[in-house]
Amino acid sequence: MSDRVALVTGGSRGIGRAIALALAESGASVAVNYASSAAKADEVVSEIVATGGNAVAVKADVGDPDQVAALFTTVSDQLGDPTILVNNAGITDDGLLMRMSVEQWDRVLATNLRSAFLCTKTALRPMLRAKWGRIVNISSVSGVAGNPGQGNYAASKAGLIGFTKSIAKEVGSRGITVNAVAPGFIATDMTDALGASVTDAAAQQISVGRLGTVAEVASAVRYLASDGASYITGQTIVVDGGLAL
Ligand code: NAP
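What counts, and where the lines are drawn
Residues numbered from 1 in each chain as written. Predicted model: local features only at pLDDT ≥ 70, side-chain atom pairs only at ≥ 80, totals over all residues. Heavy atoms only, no water. Helix = DSSP H or I, 4+ residues; strand = E, 2+ residues; numbered from the N terminus. Buried < 20%, exposed > 50% of the residue type's maximum accessible area, 1.4 Å probe, protein only. Contact = heavy atoms within 4.5 Å. Pairing = 2+ DSSP bridges. Core = buried A, V, L, I, M, F, W, Y, C linked by side-chain atoms within 4.5 Å. Near = heavy atom within 4 Å. Polar contact = N/O pair within 3.5 Å; in protein donor to acceptor, adjacent residues only side chain to side chain. Areas by Shrake-Rupley, 256 points an atom, 1.4 Å probe, with all protein chains shown as cover. Nonpolar A, V, L, I, M, F, W, Y, C, P; charged D, E, K, R; others polar.

S.K.: Explain the side chain of Ser142 here, please?
M.R.: In this fold, Ser142 is placed in helix α5 (residues 141-145). The class for Ser142 is buried, based on a relative accessible area of 8%. What Ser142 contacts, discounting residues up to four positions off in sequence, is Asn147, Gln150, Tyr153 and Ala154.

Okay, structure coming up:
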């Protein structure tokens, strides 16, 4: 991937961080986007640079159209136009539907789904020019199977799967693939927030008997972003250790 520029949204922590490191390890120059964790994003950049790679950290709320426009301008100026886009930034704000506010719904949908629309739309022009592109959307098993208390989150993640298939059909003939990765329970800040009793109970439902690691998700993304995955598009790869079987 040495001639590629990759943009990973939400690359400062968790799964996005592992994806940024994996793409850099494969030779891509990587833009590490973040919303507020500047120090964490800088750490990812330092780690990449320390191993001879090229990376920049760029702050932007990817649910906001103006900030997404500024994000792409900065990335293009500092690294070049990205032809690998990983729409990874995501949040949860769980609650049973009867108690869910409009703000809770809108915030999760904006961060998880509107962001993919904004970033993909902006990224497509240079990808079309390059006649090559890789877009990977980070969905979730919640979007595949649903999950009580996650009406907003599951809707955003299911939306990403429909979005993935639609855009794959729009740009498939132009050398651009669009796929989704749907992780199950992966050990990150997001799952830490659930508490040990929830994650221990979840582990018992997982065929391999444990939570996944961020590196296990990143390796699927790295493959989909590679030249070798050129005939795979519109797919959702479930990386859940056999949870949703
Ligand atoms: P995480 O540890 O909470 O990290 C979330 C990342 O998203 C951070 O880098 C955060 O930036 C960034 N972010 C949040 N809101 C943003 C915004 N408005 N604009 C730009 N960046 C924003 O989460 P994670 O567990 O790694 O999850 C990453 C993705 O995988 C999410 O889409 C999540 O839904 C999905 N996923 C996770 C799991 C799991 O088990 N962990 C399972 C299925 C799917 P700051 O550091 O600046 O806050």
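And the narrative resumes.
S.K.: Explain the pairing of strand β2 (residues 29-34) here, please?
M.R.: A regular strand places its side chains so that they alternate between the two faces of the sheet. Summarising burial for β2: 6 of the 6 residues are buried, a large majority. Side chains of β2 alternate between two faces, with Ser29, Ala31 and Asn33 and Val30, Val32 and Tyr34 buried alike. Both strand β1 (residues 5-8) and β2 contribute to a ladder of 4 bridges, which runs parallel. Considered in β2, the bridge of Val5 is made with Ser29.

S.K.: Just checking my understanding: could you explain the nonpolar core for this structure?
M.R.: When a protein is soluble and globular, its nonpolar side chains tend to lie buried together. Ranked by internal contacts, the top residues of the largest apolar core, which has 32 residues, are Ile19, Leu23, Val30, Val86, Val181 and Val221. For this core, the secondary-structure elements that each account for two or more residues are β1, α1 (14-25), β2, α2 (38-50), β4 (84-87), β5 (133-138) and α9 (214-224). Per-element tally for this core: the top contributor is α1, with 7 residues. Those residues in contact with Val30, other than ones at most four positions away along the chain, are Ala6, Val8, Ala20, Leu23, Ala24, Ile48, Asn54, Ala55, Val56 and Leu79. Phe72, Leu85, Ala116 and Leu124 belong to the second-largest nonpolar core, a separate cluster that totals 28 residues.

S.K.: Quick question: what am I supposed to make of the site of the ligand here?
M.R.: The local shell around the ligand holds 32 residues, among which Ser36, Ser37, Asn88, Tyr153 and Thr188 are the closest. One of the side-chain N or O atoms of Ser12 is found 2.7 Å from an oxygen atom in the ligand. A distance of 2.8 Å is found between an oxygen atom of the ligand and a side-chain nitrogen or oxygen belonging to Arg13. A total of 900 Å² of accessible area belongs to the ligand in isolation, and the protein chains cover 94% of it. Every element with two or more residues in the shell around the ligand is listed here: α1, β2, α6 (151-171) and α7 (189-192). Among the elements that make up the shell around the ligand, the one with the highest residue count is α7 (3 residues). Residues belonging to the shell around the ligand are distributed by class as follows: 13 nonpolar, 15 polar and 4 charged.

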